[in-house]
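Read off the chains here:
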Amino acid sequence: MRKLPEQAKPFRREIIDVMPLKNDEWLAIGQQHAIWGSKDRDPEVWEYAQMRGARWTGEESSVTIDFMDGRRLVLMSNPSGVKSFGVLRERLVDSIVFQQHGELSDDSTIHVYVRKDASGGLFVQTVHNTVQPGHLSDKDIALVQLWETQARDVMGMSPDAGSTQRLQVA
């Protein structure tokens with residue numbers, strides 16, 4: 001592992017790898033969190049369940065992280081960052097225990113995930129990808145609830161276990 005930045009030391013027990021970024025920034029990849037910081041500001045800490053996806057662009061040596069709330073962050077690294085990206089991607093994928101996808105009556109897509117939070121607890125996360133944000137029909141609401149129930153059943157979760165997080169992303 002690369003040298004741990006001073007601002008990441010409170011997280012040292014969970015850090016697996018550190019990706020150096022441009023402008024004296026860094027991304028520390030931990031067991032349950034990713035920590036982004038620089039020497040000029042306090043670090044931001046994200047649970048992997050807050051992330052929707054991450055991808056590496058080799059030509060630019062950049063990491064793009066898409067968050068569940070619709071934010072997108074592009075971090076500039078260097079070619080050696082691809083190894084650290086592999087660790088980040090592994091942790092992100094590990095936070096997804098089960099997933100299913102389906103289409104609604106307006107041709108928008110619903111993604112239902114069972115994910116692990118930082119403490120290892122399971123929760124249901126539902127993401128509605130829509131071109132036109134708005135309200136779902138009663139029929140679609142019933143379908144989403146059915147898929148959430150099926151996801152809980154597959155994972156052996158009781159109907160009231162964990163929480164359900166519903167997000168709409170345009």
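As a reminder, the structure under discussion sits directly above these lines.
Residues numbered from 1 in each chain as written. Predicted model: local features only at pLDDT ≥ 70, side-chain atom pairs only at ≥ 80, totals over all residues. Heavy atoms only, no water.

> How would you sum up the pattern of salt bridges? Please name residues and give values.
All told, the structure shown has nine salt bridges when counted by the stated rule. Where lysine 39 meets aspartate 24, a salt bridge forms, and the shortest distance between an N and an O atom there is 3.6 Å. Here aspartate 24 lies in the loop between β1 (15–20) and β2 (25–30) and lysine 39 lies in the loop between β3 (33–38) and β4 (41–47), a separation of 15 residues in the sequence. Residue lysine 39 is classed as exposed on the basis of its relative accessible area of 58%. Arginine 71 is the salt-bridge partner of aspartate 69, the closest N and O atoms lying 3.0 Å from each other. Given a relative accessible area of 51%, aspartate 69 falls into the exposed group. Under the relative-accessibility criterion, arginine 71 is labelled partly exposed at 39%. Three or more residues joined by partner-sharing salt bridges are found here, namely Arg55, Asp66 and Arg72. (Salt bridge = Lys/Arg side-chain N within 4 Å of Asp/Glu carboxyl O. Helix = DSSP H or I, 4+ residues; strand = E, 2+ residues; numbered from the N terminus. Buried < 20%, exposed > 50% of the residue type's maximum accessible area, 1.4 Å probe, protein only.)

> Talk me through the pairing of β1; I want residue IDs and the actual numbers.
The pairing of β1 with β2 spans five bridges and is antiparallel. Looking at β2, one finds that isoleucine 15 is bridged to glycine 30. Here β1 folds back onto β2 in antiparallel fashion, the turn holding four residues, of which asparagine 23 has a positive phi close to 60 degrees. (Pairing = 2+ DSSP bridges.)

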